[in-house]
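Take a look at the letters that make up each chain.
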Amino acid sequence: MKTASARGCARGLAVGALLAACVVDVLYSADGTSVLPLAGLVWPTLAVVLVGLAAVLWPVGRRPEWLTPQIRTAVPAVVSALLTAASLLIQETIVFGPGEIVILLCLLFIAVRHCPPRWAVGCGVLDAGALLTLPVRADVTLGSEGLGLSMVGLLLVGLIAGLAGYLRAMDYRRTVAVSDSRRSERLAIAADLHDFVAHHVTGILVQTQVARMMATTQPQDLDPVLACIERAATEALASMRRTVGVLRETGPDAADRRPVGDLAGITGLLDGFAAPGQRVTLHSDPGLSPDLPHEVQAAAFRVVQEALTNIRRHAADAAHIEVRLREDADRLEVSVADDGRGGTQLPAAAHGGGFGLVGLEERVTALGGALNAGPRDGGGWEVRAAFPTRTS
């Protein structure tokens, strides 16, 4: 609140100073005894001041669509340049003062910072040219006085254009950073969606194959299998719905609502995973802390999920799947082992592209952990991951 109040006060002081400077311009033009006299011709100065003030101070919320930054910066500069040209043609002095100078500097700032790239240079040069040619109205010669005014004008133009260019570059960098952050977050959400849906859809394929075999041999036992298929499809749809909901969210908390899992969610993964003839066992260390870092729990969940999905794809003949969770010496160890021989009847398109473990290894190593996957002694396959549970 204090910051907003301070900004409002600073903005009010700046507007007040600009208006006071413009009043000085008008008074100069009406004062026959001023340094730059032209008694009775107030309207040229008044026209430049009013057009410039409208371009600088028009409220953003009430600005019409046609009043683009290029029009705001070009029109007042053209009016000022026309008055300068008129003063040369009629051989008369047309007053300029601090108000017009400040207005042109403000418009130069707006042109460099806010105009589209194709217009920024042209509008900036137009504003700078109108400012640097102002001394011509006062019939200033090219002597020391004219050189001094030119040097001061060039210095002001350089400072304002440099500041506006720096702020424009900062705006661009901020936009790029936000865009990259959003892209990375959406890619992560897409990876989450793939993990969830692939897990459930693979289960549906396996259960469907079992149902087809049982339809001729054990039709009376089909109901539990069909119930598993229904549950897997429902969970897949729910995962997609949650992910789409996150993608539609805006605001700083949207990323926190990504549909990631945790250690408690591993139990839900195992429930209903086993096909007929399979047994799934979970061995969880009783001393496992429930307050492990969320990113570690989410990565552990992904390890188990990817391993189970691969079992369905490549080792559907496994009779026993064993999942272990253990915390030892500030490290969480996760392992998923099966005794399958690689027997599967899934279609080739359902086998995956082989990128699951690659992405999983990237996720694990990003947390300072290690992932190993390979055959077990005596047959089967095992996936092992270890994560540090404390950050230094």
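Quick notes on the rules
- Residues numbered from 1 in each chain as written.
- Predicted model: local features only at pLDDT ≥ 70, side-chain atom pairs only at ≥ 80, totals over all residues.
- Heavy atoms only, no water.
- Core = buried A, V, L, I, M, F, W, Y, C linked by side-chain atoms within 4.5 Å.
- Buried < 20%, exposed > 50% of the residue type's maximum accessible area, 1.4 Å probe, protein only.
- Helix = DSSP H or I, 4+ residues; strand = E, 2+ residues; numbered from the N terminus.
- Contact = heavy atoms within 4.5 Å.
- Arc of directions from axis to C-beta.
- Patch = residues over 30% accessible without salt bridge, like charges linked within 9 Å, V, L, I, M, F, W, Y side chains within 5 Å.
- Areas by Shrake-Rupley, 256 points an atom, 1.4 Å probe, with all protein chains shown as cover.
- Salt bridge = Lys/Arg side-chain N within 4 Å of Asp/Glu carboxyl O.
- Pairing = 2+ DSSP bridges.
- Axes fitted to C-alpha atoms, helices over the stretch in contact; angles between N-to-C directions.
- Left-handed = near helix turned anticlockwise from the far one by under 90°.
- Nonpolar A, V, L, I, M, F, W, Y, C, P; charged D, E, K, R; others polar.
- pLDDT = per-residue confidence, 0-100.
- Expected span 1.5 Å × (residues − 1).
- Right-handed = clockwise from strand over helix to strand, strands pointing away.

Hey, could you run me through the nonpolar core in this one?
Across soluble globular proteins, you tend to see nonpolar side chains buried next to one another. With 30 residues, the main nonpolar core has Leu308, Leu332 and Phe387 as its most contacted residues. Mapped by element, the contributors of at least two residues to this core are helix H8 (263-270), helix H9 (294-314), strand S2 (320-328), strand S3 (331-338), helix H10 (356-366) and strand S5 (381-388). The greatest single-element share of this core, amounting to nine residues, is contributed by H9. Residues within four places of leucine 332 in sequence aside, it is in contact with Leu263, Leu288, Leu292, Val296, Ala300, Arg326, Glu327, Ala385, Ala386, Phe387 and Thr389. One finds Ala77, Leu108, Leu131 and Ala164 within the second-largest nonpolar core, a separate group that totals twelve residues.

Any chance you could explain H8 here in plain terms?
In an α-helix, one turn spans 3.6 residues; hence positions three or four apart end up facing the same way. Burial in H8 covers these residues: Leu263, Ile266, Leu269 and Leu270. Considered in projection along H8, the buried side chains sweep an arc of 90° and stay on one side of the axis.

How should I be thinking about a nonpolar patch on the surface in this particular structure?
There is a patch of nonpolar side chains on the surface, built from Val51, Trp58, Trp66, Ile71 and Val75 and spanning about 430 Å² of accessible area. Tracing the backbone shows valine 75 in helix H3 (residues 69-89).

For this particular structure, what's the right way to read the pattern of salt bridges?
Proximity of charged atoms lets side chains of opposite charge pair with each other. Using the criterion set out here, one finds six salt bridges in the structure. The salt bridge involving glutamate 322 is made with arginine 324; its shortest N-O contact spans 3.1 Å. Taking the relative accessible area as the measure of exposure, arginine 324 reaches 40% and is therefore partly exposed. Connected through salt bridges with shared partners, the residues Arg113, Asp171 and Arg174 form a single ionic network.

I keep staring at the sheet that holds S3 and nothing clicks. Help me out?
Hydrogen bonds between backbone atoms are what pair the strands of a sheet, whose relative direction is either parallel or antiparallel. The mixed open sheet is built from five strands, whose spatial order is S1-S2-S3-S5-S4. The sheet terminates laterally at strand S1 (279-284) and strand S4 (370-375), the two strands that pair on one side only. Taken pair by pair, the neighbouring strands of this sheet meet at an average axis angle of 10°, ignoring direction. Here six bridges tie S4 to S5, and the two strands are oriented antiparallel to one another. Paired with alanine 373 across the two strands is valine 383, which belongs to S5.

Honestly, the environment of leucine 371 in this entry has me stumped. Any pointers?
Within the secondary structure, leucine 371 sits in strand S4. Looking at leucine 371, the relative accessible area reads 15%, which means it is buried. For the pair leucine 371 and glutamate 361, spaced ten residues apart in the sequence, the C-alpha separation amounts to 5.9 Å.

How do you make sense of the packing of H3 against helix H4 (residues 98-114) when you look at a structure like this?
Helix-helix packing: each pair is described by the crossing angle between the helix axes and the interaxial distance. The geometry of H3 relative to H4 is characterised by a closest axis approach of 9 Å and an angle of 145° between their N-to-C directions. Seen from above, H3 lies across H4 with left-handed handedness. Taken together, the residues of H4 that come into contact with H3 (itself represented by Pro69, Arg72, Thr73, Pro76, Ala77 and Ser80) are Glu100, Leu104, Leu107, Ile110, Ala111 and His114. For the contact of H3 with H4, a count of residues per class yields seven nonpolar, three polar and two charged.

Would you take a moment to explain the confidence of the model for the chain for this structure?
In low-pLDDT regions, the fine details of the predicted coordinates are not to be read closely. Summing up the model confidence of the chain, the mean pLDDT is 77 and the portion of residues at 70 or higher is 77%. Counted against residues more than four places away or in other chains, residues 250-259, with its pLDDT under 50, gives 15 contacts.

Would you mind going over H3 with me for this structure?
Here H3 is 21 residues long and its end C-alpha atoms lie 31 Å apart, about the 30 Å a rise of 1.5 Å per residue gives. Those residues of H3 that fall on the buried side of the exposure criterion are Gln70, Arg72, Thr73, Ala74, Pro76, Ala77, Ser80, Leu83, Thr84 and Ser87. For H3, the secondary structure elements touched by its buried residues are helix H2 (43-57), H4 and helix H5 (117-132). Once H3 ends, the next one or two residues include glutamine 91, with phi positive near 55°.

Would you take a moment to explain the pairing of S2 for this structure?
Regular strands have side chains that alternate between both faces of the sheet. With six bridges connecting them, S1 and S2 associate as parallel partners. Residue serine 284 lies in a different strand from S2, and its bridge partner there is leucine 325. Where the polypeptide runs from S1 across H9 and back to S2, its parallel neighbour, the crossover connection is left-handed. Direction of pairing for S2 relative to S3: antiparallel, over a ladder of eight bridges. Residue pairing in the sheet places glutamate 322 in a bridge with alanine 337 of S3. Adjacent in sequence and paired antiparallel, S2 and S3 are bridged by two residues, among which alanine 329 carries a positive phi angle near 55°.

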